[in-house]
Amino acid sequence: MTIMPESYHRRSFVYPRLVAAGAEFGDIADAAVATAFPAAAAPALGLADLSPLPRTGIKGPRAIAWLGEQGWPVPQANNAAELADSGNLVLRLGDRELVVAATAEPGCNAVLELEASIAGGGAWHVPRRDSNCAFLLRGPDAVDCLAKLCGVDLRTEHFPPGSIAQTSVARINAIVCRDFGHEVPTFLLLADCTSAIWFWDTLLDAMNEFDGGPLGLREIG
Amino acid sequence: MSERLPAPWGRLLDRERTVRFTFEGKSVSGHPGDTVESALLARGNWLLGRSFKYHRPRGPFTLNGDDANTLVQLPDEPNVPAALLPVRDGLEVKGQHYSGSLERDRARINEKFSRFFFVGFYYHAFFRPKGIWNFWEKYIRRAAGLGRVNTQAEHRYYDKQYAFCDVAVVGSGVAGLSAALAAAQSGADTILIEREPLLGGGLNYARFDAEGSAGQRERDALAAQVEAHPNIRAWTDTQCTGRFGDNLLALVHANRMTKLRAGRVVVATGSIPQPAVFRYNDLPGICAGSGVQRLMRLHGVRPGRRAVCVSGNADGYGVALDLADAGVEVAAVVDLREHATPDPRVDAVHQREIPVHTGAAVLHARERDQRVAGLRVIEQRHLGEANAPGTDFECDLVTIDVGVTPAISLIAHAGGDVSYSETTHGLTIRSLPPGMHAAGSVAGPCTLESARDEGTAAGRAAAEGAEAVVPDAVDRDGPENSAWPIFPHPQGKEFVDLDEDLTITDLRNAVREGFQSIELVKRYSTVGMGPSQGRTAAVNAVRITADELGQSVEGARASTNRPPAIPEKFGHLAGRGFDPVRYTAIHQRHVEAGAQMMVAGAWLRPAYYGRDRERSMNEEVRAVRGNVGLIDVSTLGGLEVRGSDAAEFMNRMYTFAYKKQPTDRSRYLLMTDDTGSIVDDGVAARFAEDHFYVTATTGGVENVYRRMLWWNAQWCLDVDITNVTAAYAGINIAGPNARKVMQKLDSDINFSAEAFPYIEARTGQIEGIPVRALRVGFVGELGYELHCPAGFGEALWDLLSEAGREFGIRPFGVEAQRTLRLEKGHIIVGQDTDNLTHPEEAAMGWAVQRKKPFHVGAPAIAAREQHAPTRRLVGFRLPADTDPLPEESHLVIDGERITGRVTSIAWSPSLGYPIGLAFVAPDATKIGTPFTIKAQGGKTIEAEVVSAPFYDPDNERQNL
């Protein structure tokens, strides 16, 4: 049976764009996630929608300590990310705020379990899965592409894997995190979900120059 | 007539292909690699423009876009430099600024009246007698400007890009190439910026030696190394328009502006050829020698048949040799110097038996068919003599090599000190700003070898972060500048500024009128203020001004040089305009339902559904009042306030009382600032002892959030404040059938009246979707405001729509909601209040808890209430047949006095007459009191104070 976003209660903020682009969807973490775009070969510069994947924030004076107590790796400095054994990203945004994000299928359950265990009392839950859209931009031209939208120097020597910039991308506030473990530059982009459609369209427009296009979760490589 | 030279002339041309475009309606062919200018010159067409004042025929001078003689008009773009416009098939090009045709410009008649167009003439004319300006204005507007803007032109795609490097080198002549290599070899990440389509600058066309091969050899060797070096990014066809703070360079390439942040900058931008000033020196065919060399070498165009080379240094001899090699007859080299300094090129000219006249002066040029046809030359010792003996040369080309001016714009932008030197007879750099180096002829005339060495040193120093070496004027060893290539003629028309048609007399007269500095002369005469910004005028203008003032030119400064260094398009500055839009999670459903969307800040919200606004609004209001409606309220602000001090925090931030607010209850929120003025309102649902879920207005939430953070930074309460506006979608289902719809859905929330009374709040799930449900009364009907995580928003809307289908549930928009809330007398903060409204004025005194020790604004409210009120918000009605209705902000008057204004007004479908809210005088608030509204066009309308809520005054319906 073909999986379609409207069959699920939880829907990606950009699912109309994915459907229009011919996405194939998979049932992942109780949502329809675009896993591939079969009509064409995966582009060298690709943009994947990770919005429906589990993602949670923890905020407050106990946030850092609490996450460490749960056995997750906590970055030592602000604006830095760590890769957990589960394959998920831990982003430290400040002395009192973290985001834990799944960027692939295998890590989803761990994030959901973590989110369910956030008890409050100084380590408060922040609904990042719903406040933010999450896109993954990957490809050899990813740095040059983002240079059209963002004034931060994202070149590898200045922005290695695990770097975070809380900055402006195409005039909206965004968190840019360089992901780990890819042969080509790969960035996780988190922005306000209400601008998701606009942001998706703007990113694809900037990617046009490099023959970029949408990418499915299982095509990231 | 083809003036093409065979290969290897014309290095940029692809002769295998032909491109066709039109100029002034006539078909012209060229090759890829041509510009419009070179293609026209290749067919012998040197008339490309008309001068500003006298409409004299003009052709290119610098032949590389540094002058503004050849600005052309495209269908959707004016003022395009023909020298920078690549040819392409189908291009439609026209000249500009003529009356009739470019070839036969009727406005050249102005030249006959030139004595009326003296410098600053417009300061003495067009305003007497009083009122005469109205007559002159239309003619002046027609005559003003150059090209025409096509207001129907389509927007083009422009964008911007950021870039970073350790060292940026601007200019890729010998100095720039050497600097880039040295920087890269020292380990610096280097970007080399070149405005031409190929690297090399003057190496591509200038003749540095008698054989004419040194430049090419040097170029090939250096360019190959640069292109191969992994540390160098070479960007050709890229202009640097300005240098801003901390070495931020603005670069323009095609439709993109790149903002390049460089650690250090090496300026190797070379120099700009300068004209000689003599009668009729502006004729087409009189141009810079270096420009002619470039035209031949890069575009393969023979610039004429018979040439005279006017020279003040050895470069002019190199031009003569190039022309001879290209088959142009060189009638003479006219050397302004008594004795040429030794140079192999001078020797070569003599060896070829090209006549050389030394100690010469140019008296005037002669025109035929709107092009130069001859030149009269005399000996300098005869200058000023009537009937001085001289030589008349027949020629269709005059090349000028009397000197250059360094292209110092970027140095000036950065605050470098540049002024004139008597040593070099030109600008020289006195100091360089930190982080900037200079090399090559931008630092003053220098030989090829010196430029190479300077570039290498500058590149290395830039890479190492060493201090820049400021070149000394006395050390410059290159071709000299003429100190005074200026030959006044008793009959004038010796043009100093080609853009403005200013002559020697104009500048001298400006000084005589009392403008005693170059800056004032510039402002009065407009010298240097035309499109070429004095690139080929400033030097001679400074010389003439200094001479008239009896001052030395040493230390004289040209006027302040600011970005942009070249004309910039608004498109480049605008870039890829980003106008972020915010959509709710339910947006697509509104569009599918035929909503007319409205802009609310950055959001798009449905105003109403359907095509007929009045009808749709009224139907939607009736649907809510009589049945059930659905509105997307996702844009409302949402904040989590959590922590052991959450209730204390709420008590301090808002006017009401929250410490004892029970869990699962909502309470109205009113926020005042510390002047006691209302800034926002909303609802707080308490979900736990230490957890309030706070709503705020769509437009106010960012402000509320900031205020909360700011105040708690001082109070340091144990409370966390998180803005979750985007995280929650919100849907308000309202109307007498709302409960029936809710009860159709599978939920662990009991929606019955007993279990879930008015003003309470619940958390639970609906069909598996987690929700926060609030019973609120903004529209005054039985209703539930459902907040769910945004990812579920559309699904929840779908579920409610499906469940409501049997009742005929109807979506309603913002317009209907505004009417519904007005019928209930509910205020909208920012519309029914202003920056000074305190609670009592807005009849909101009930929302202020007087017993608690403090809230933000409490002291101010107390102080303000000591004073007699000046206004009060009341409800009013108008007769049912009032037409048209007054509008918001229309005044409430009492005779000649303004006593208030209308804040909200609408036709009430529920009541059948217009209602509104207005500020009125405090003594006019009694029910039944009439008052006067001054509406559009001064019409007065009588209103009557009525009690609010207007509809269901006992609030029974929302309590169902």
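*Asks:* Whenever I open this one, the overall build of chain A confuses me. Can you help?
*Replies:* Looking only at helices and strands, chain A features 6 helices and 13 strands. Taken over C-alpha atoms, the radius of gyration comes to 16 Å for chain A, in line with the 17 Å a tight globule of 221 residues would show. Looking at chain A as a whole, 62% of its 221 residues are labelled buried. Across chain A, contacts joining residues at least 24 apart in sequence account for 63% of those joining residues at least 6 apart. For chain A, the accessible area works out to roughly 8100 Å², and carbon and sulfur atoms hold 48% of it.

*Asks:* Would you mind showing me how to read the overall build of chain B here?
*Replies:* Of regular secondary structure, chain B possesses 21 helices and 47 strands. In terms of overall size, chain B is more extended than a compact globule, its C-alpha atoms giving a radius of gyration of 39 Å where 960 residues would be expected to give roughly 30 Å. Taken along its principal axes, the extent of the C-alpha atoms in chain B is 115 × 70 × 55 Å. Scored against the burial criterion, the 960 residues of chain B give a buried share of 58%. The contacts of chain B with a sequence gap of at least 6 include a subset with a gap of at least 24, amounting to 67%. As presented, chain B carries roughly 39000 Å² of accessible surface, and 50% of it is formed by carbon and sulfur atoms.

*Asks:* Explanation requested: the interface of chain A and chain B in the structure shown.
*Replies:* Put simply, an interface is often sized by how much accessible area is lost when its parts join up. Residue-level contacts link 37 residues of chain A with 40 residues of chain B. Taken together, the two surfaces of chain A and chain B that pack against each other cover about 3200 Å², and 54% of this comes from carbon and sulfur. By the criterion of area lost to chain B, the three top residues of chain A are His9, Trp124 and Thr194 of chain A, representing 21% of everything that side buries. Along the contact surface separating chain A from chain B lie 10 salt bridges. Note that Arg155 of chain A and Asp189 of chain B form a salt bridge whose closest N and O atoms lie 2.5 Å from each other. Our count for the chain A to chain B interface comes out at 26 residue pairs in polar contact (both at pLDDT 80 or more). Those elements that provide at least two residues to the side of chain A that touches chain B are helix 1 (15-20), strand 8 (124-126), helix 4 (128-131) and helix 6 (196-207) of chain A.

*Asks:* Looking at this structure, I do not really get the side chain of Asn281 of chain B. What am I missing?
*Replies:* Residues and elements named next belong to chain B. Mapped onto the secondary structure, Asn281 falls in the loop between strand 14 (271-273) and strand 15 (286-288). Residue Asn281 is classed as buried on the basis of its relative accessible area, which comes to 6%. Within the structure, the side chain of Asn281 is placed 2.9 Å from the backbone oxygen of Ala276, a separation counted as a polar contact. Here Asn281 is in contact with Ala276, Ile286, Lys493, Glu494 and Phe495, once residues within four sequence places are set aside.

*Asks:* So what exactly am I meant to see when it comes to the sheet that holds strand 1 (residues 19-23) of chain B here?
*Replies:* Two modes of strand pairing occur in sheets, parallel and antiparallel, and in both the strands are linked by backbone hydrogen bonds. Residues and elements named next belong to chain B. Here 3 strands make up an open sheet; going across it, the order is 2-1-7 and the pairing mixed. The open sheet has two edge strands, strand 2 (26-30) and strand 7 (92-93), and neither has a second partner. Alignment of strand 1 against strand 2, held across 5 bridges, turns out to be antiparallel. By the bridge assignment, Arg20 is partnered in strand 2 with Ser29.

*Asks:* Please explain the pattern of salt bridges as it appears in this structure.
*Replies:* Pairs may arise between side chains of opposite charge once their charged atoms sit close together. Overall, the coordinates contain 87 salt bridges over all chains when judged by the stated rule. Ionic pairing is found between Arg17 of chain A and Asp201 of chain A, a salt bridge with its closest N-O pair at 2.7 Å. Note that Arg17 of chain A is positioned in helix 1 and Asp201 of chain A in helix 6, a separation of 184 residues in sequence. Residue class for Asp201 of chain A comes out partly exposed when judged on its relative accessible area of 31%. With a closest N to O distance of 3.8 Å, Asp720 of chain B and Arg642 of chain B form a salt bridge.

*Asks:* What is the right way to read the domain arrangement of chain A from this model?
*Replies:* Residues and elements named next belong to chain A. Split into domains, chain A comes out as domain 1 (9-52 + 130-219) and domain 2 (55-129). Placing a centre on the C-alpha atoms of domain 1 and another on those of domain 2 gives a separation of 21 Å. Counting residues at the interface gives 23 residues for domain 1, matched by 21 residues for domain 2. Regarding the contact of domain 1 and domain 2, the summed buried area is about 1900 Å², with carbon and sulfur atoms giving 57% of it. If you sort the residues of domain 1 by the area they bury against domain 2, Ile164, Gln166 and Phe180 come out on top, with a joint share of 26%. At the boundary of domain 1 and domain 2, one finds 1 salt bridge. Taking the shortest distance from any N to any O, the salt bridge between Glu105 and Arg218 comes out at 2.8 Å. Taken together, the links from domain 1 to domain 2 amount to 14 residue pairs in polar contact (both at pLDDT 80 or more).

*Asks:* Would you mind going over a negative patch on the surface with me for this structure?
*Replies:* A surface patch of like charges, here negative, comprises Glu449, Asp453, Asp472, Asp475 and Asp477 of chain B. Structurally, Glu449 of chain B can be placed in helix 9 (residues 448-464).

*Asks:* Mind showing me how you'd approach the pairing of strand 33 (residues 665-672) of chain B here?
*Replies:* Along any regular strand, the residues point their side chains to alternate faces of the sheet. Here 8 bridges tie strand 33 of chain B to strand 34 (residues 678-688) of chain B, and the two strands are oriented antiparallel to one another. Counterpart to Arg665 of chain B in the pairing with strand 34 of chain B is Arg686 of chain B.

*Asks:* What's the story with the nonpolar core in this structure? I'm lost.
*Replies:* For soluble globular proteins, nonpolar side chains are generally found buried alongside one another. Counting residues in each nonpolar core, the largest one holds 48 residues, and the members touching the most others are Ile193, Leu249, Leu260, Ile408 and Ile411 of chain B. It is helix 12 (residues 538-549) of chain B that provides the largest number of residues to this core, a total of 5 residues. Filtering out sequence-adjacent residues up to four positions away, Ile411 of chain B remains in contact with Val267, Gly416, Val418, Ile429, Leu432, Pro433, Met436, Ala438 and Val442 of chain B. Counting residues in each nonpolar core, the second largest holds 45 residues, with Phe37, Ala191, Ala196 and Met207 of chain A among its members.

*Asks:* Any chance you could explain a nonpolar patch on the surface here in plain terms?
*Replies:* All names here are of chain B. Taken together, the side chains of Trp133, Phe135, Trp136 and Tyr139 present a nonpolar region at the surface, about 390 Å² in accessible area. Structurally, Trp133 is set in helix 2 (residues 133-143). According to the relative accessible area criterion, Trp133 is partly exposed, its value standing at 38%.

Calculation notes
- Note that residues are indexed from 1 along each chain, following the sequence as it is written.
- The lettering of chains begins at A and the numbering of ligands begins at 1, in the order of writing.
- Where local features are concerned, this predicted model is filtered to residues with pLDDT of at least 70; where side-chain atom pairs are given and counted, the filter is 80 or more; whole-chain, interface and lining totals use all residues.
- Derived side-chain values reflect all non-hydrogen atoms in the structure, with water molecules and hydrogen atoms excluded from consideration.
- To qualify as a helix, a DSSP run of H or I must reach at least 4 residues; to qualify as a strand, a run of E must reach at least 2; elements of each kind are numbered from the N terminus.
- Taken over C-alpha atoms, the radius of gyration is set against a globule rule of 2.2 Å times the number of residues to the power 0.38.
- Under the scheme applied here, a residue whose accessible area is under 20% of the maximum for its type counts as buried, over 50% as exposed, and between as partly exposed, the area being computed with a 1.4 Å probe on protein chains only.
- The contact criterion used throughout is that any non-hydrogen atoms of two residues lie within 4.5 Å.
- Per-residue and other accessible areas were derived by the Shrake-Rupley procedure at a 1.4 Å probe size, with only the shown protein chains allowed to occlude residues.
- Buried area: the accessible surface (1.4 Å probe) lost by two parts on joining, summed over both.
- In what follows, salt bridge is the name for a side-chain nitrogen of Lys or Arg lying within 4 Å of a carboxyl oxygen of Asp or Glu.
- What qualifies as a polar contact is a pair of N or O atoms within 3.5 Å, subject to a donor-acceptor requirement within protein and to the restriction that residues adjacent in sequence count only when both atoms come from side chains.
- A pair of strands is considered paired only if DSSP assigns at least 2 bridges between the two.
- Start and end positions for the domains come from either an automated domain assignment or a database one.
- Each patch is built from residues lacking any salt bridge and having more than 30% relative accessible area; the joining distance is 9 Å for like charges and 5 Å for nonpolar side chains (Val, Leu, Ile, Met, Phe, Trp, Tyr).
- Within this scheme the basic residues Lys and Arg register as positive and the acidic residues Asp and Glu register as negative, but His and the chain ends are omitted.
- We put the charge of a Lys on NZ, of an Arg on CZ, of an Asp on CG and of a Glu on CD.
- Definition used in this section: a nonpolar core is a set of buried Ala, Val, Leu, Ile, Met, Phe, Trp, Tyr and Cys residues joined via side-chain atoms within 4.5 Å.

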